[in-house]
Amino acid sequence: MKLRRNRRKSEDEETSYWLSYSDMMAGLLLVFVLIISFTILQSQTQYEEKTEELAAIELELLSAQSEVAGQDAELEAQKAELESQQAEIDAKDLELESQQAELDANTSALDTLKALLDGKELLLQEQQAQLDAQQEQLDAVIGVRTAIITALRDEFEDTDLKVAVDPATGSITMDSSILFDKDDYTLKPSGEEFLREFLPMYVKVLFNGDFKDYVSEIIIEGHTDTDGTYMHNLELSQQRALAVATLCLDEENNILTPEELNKLKTILTANGRSFSNPIYMADGKTVDMDASRRVEFKFRLNDEEMVQQMIGVLNGEAETDEP
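Within each chain, residue numbers correspond to sequence positions counted from 1 in written order. Per-residue local features are limited, in this predicted model, to residues with pLDDT of at least 70; the limit for side-chain atom pairs, both in listing and counting, is 80 or more; totals at the level of whole chains, interfaces and linings are taken over all residues. Computation of side-chain values: all heavy atoms of the structure, hydrogens and water removed.

Draft legend 1. Structural view of the sheet that holds strand S1 (residues 163-165). Strand pairing is assigned whenever DSSP detects at least two bridges linking the two strands. The secondary structure listing takes helices from DSSP runs of H or I that are at least 4 residues long and strands from runs of E that are at least 2 residues long, numbered from the N terminus. One open sheet accounts for 5 strands, arranged S1-S2-S5-S3-S4; its pairing is mixed. Only two strands of the sheet have a single neighbouring strand rather than two, namely S1 and strand S4 (268-272). For this sheet, the mean angle separating the axes of adjacent strands, direction not counted, is 20°. Across 8 bridges, the pairing between strand S3 (residues 215-223) and strand S5 (residues 294-301) is antiparallel. In the strand pairing of S5, valine 215 is matched with leucine 301. Each of S1, strand S2 (172-175), S3 and S5 touches helix H3 (residues 189-206); the most contacted strand, S5, lies at about 15° to it. We call two residues in contact whenever any of their non-hydrogen atoms come within 4.5 Å of each other. Helix axes are fitted to C-alpha atoms over the stretch in contact, other axes to C-alpha atoms as well, and angles between N-to-C directions run from 0 to 180 degrees. Along the sheet face, helix H4 (residues 230-249) touches S3, S4 and S5 and points at about 160° away from the line of S4.

Draft legend 2. Local environment of the pattern of salt bridges. Any carboxyl oxygen of Asp or Glu within 4 Å of a side-chain nitrogen of Lys or Arg constitutes a salt bridge here. Within this structure, the stated rule accounts for 12 salt bridges. Here arginine 293 makes a salt bridge to aspartate 225, at a shortest N to O gap of 2.5 Å. Taken together, the positions of arginine 293 in the loop between helix H6 (289-292) and S5 and aspartate 225 in the loop between S3 and H4 put the pair 68 residues apart, joining distant regions of the chain. Note on accessibility: arginine 293 and aspartate 225 belong to one class, buried. For glutamate 296, the salt bridge is made with lysine 298, and the minimal N-O distance between the two is 3.7 Å. Classification of residues uses two cut-offs on accessible area relative to the type maximum, computed with a 1.4 Å probe and protein chains only: under 20% is buried, over 50% is exposed, and between them is partly exposed.

Draft legend 3. Here's a closer look at the nonpolar core. Core analysis: the largest hydrophobic core is formed by 43 residues, its most contacted members being Phe198, Tyr202, Ile218, Val244 and Phe297. At the level of elements, helix H1 (2-157), S1, S2, H3, S3, H4, helix H5 (258-267) and S5 are the ones that each hand at least two residues to this core. Counting residues per element, this core draws most heavily on H3, at 9 residues. Not counting chain neighbours up to four residues away, the residues in contact with isoleucine 218 comprise Tyr202, Leu206, Phe207, Leu264, Ile267, Leu268, Thr269, Phe297, Lys298 and Phe299. Nonpolar core, defined: a set of buried Ala, Val, Leu, Ile, Met, Phe, Trp, Tyr and Cys residues in which side-chain atoms within 4.5 Å join the residues together.

Draft legend 4. Seen up close, the pairing of S5. Of all 8 residues in S5, 6 are buried; the element is thus mostly enclosed. As paired elements, S2 and S5 share 4 bridges and run antiparallel to each other. Bridging across to S5, methionine 174 finds its partner in valine 295.

Draft legend 5. Region of the structure containing unusual backbone geometry. In this structure, aspartate 183 takes a positive phi of about 60° despite not being glycine. Note on placement: aspartate 183 falls in the loop between helix H2 (176-179) and H3. Unlike most non-glycine residues, asparagine 254 shows phi in positive territory, near 55°. We classify asparagine 254 as exposed; its relative accessible area is 64%.

Draft legend 6. Quick peek at the pairing of S2. Residues Ile172 and Met174 point to one face of S2 and are all buried, whereas Thr173 and Asp175, pointing to the other face, are not buried. Inspection of the sheet shows S1 paired to S2 by 3 bridges, in the antiparallel sense. Each bridged residue has a counterpart across the sheet, and for valine 163 the counterpart in S2 is methionine 174. The loop that links S1 with its antiparallel partner S2 comprises 6 residues; one of these, glycine 170, has a positive phi angle of about 85°.

Draft legend 7. Main features of the packing of aromatic side chains. Any Phe, Tyr or Trp ring, taking Trp's six-membered ring, that has another such ring centre within 6.5 Å forms a pair; planes under 30 degrees apart are called stacked, those over 60 apart edge-to-face, and the others tilted. Summed over the entire model, instances satisfying the criterion amount to 6 aromatic pairs. Ring plane angle 70° and centroid distance 5.5 Å describe the contact between tyrosine 202 and phenylalanine 297, whose orientation is recorded as edge-to-face. Placement of the pair is tyrosine 202 in helix H3 and phenylalanine 297 in strand S5, with a sequence separation of 95 residues. For the pair tyrosine 202 and phenylalanine 297, one class covers both residues: buried.

Here it is, written out as C-alpha cells:
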C-alpha cells in the first residue's frame, strides 16, 4: 500500500514534473513567440520606418532630379545663350576684321593720297619757283619795254615828225600819205626825207646800250584801207613795207652808221597786212580810210613770245588749236 502510495506519489511527482516542464516549455514557447512577435513587430516597424525613409529619400531624389532637370534646362538655356553670345561675338569679330581691313585700305589710300599730295606740293613748289623766275623775267621785259617806250616818246616829242608812239606797245605809226601816193608803193621824196630823219632817231633809241641786247626784231608793217580786194591790198601793203625796208637797209643812203646798219640787217623784217587791221572812227563801226593807210614800226624783245604766253596764262586765257 505504502509502496503503491509511494509509487503513485512518485508517479504524481513525475507527472507534476512533466506538467511543470510542459508549463515551463509552454511558457518558454510563449516567451519565444512573444519575442518573435516583438521582433517581427519591431522589424515591421523598422521596415515601415525604412520604407518611409526610402520614400522620403525617393521623394528627395525625385525633387533633386527635378531640380537637376531644371538646372539642366537652365544650363541648356545658358548654353544656348552662351552660343548665341559666342555667335554674336564671332559676328562682331568678323565685323571688326572687316572694319580693320577697311581701315587698312583707307590707311593705304591715305598714304597714297599723302604721297600724291606731297608730289603735288613738290610740283607746286617747283611751279611756284618757275613762276617766280618767269615773273622776274616778265617784270624785266615789261620794264625794258616801258623804258624803250618812254625813250621813244622823249626822242620824238620835240620834233616836227608826225609820228604816234603807242604807249602800250611802243609801235610807231606813220601816215601813209607822207610816204606814198594812194594805191602806190613808190616812196615819195617827202617820204624818203621823212625816213632819213626818222630812222636814225629810232635806231638810236633801240640800239642804245641799255636796250640793244633786249631787242630781237624790228618789224615794218604795211596797212591799207578797205577799198579793193584783200589780195590786191595785201600785195600793195607788202610792197610798201618792202619799199620802206629797202630804204632803211640801203648802204648808199648813209642814213645809219655801218655798225647800226649791220645790226639792223640781222633783225629787220617787212610784212604786209592788207586791210586785216583797219582803224575805226569814234563810232567804232566806220572805217577811217585815211588812218587805215599807214606804215608801222614795231619792235620785239627777246623771249617776248614766251612772255606773251605767260601773260595769257596769268590772265587765265586758254590756248586753243584751230582746225
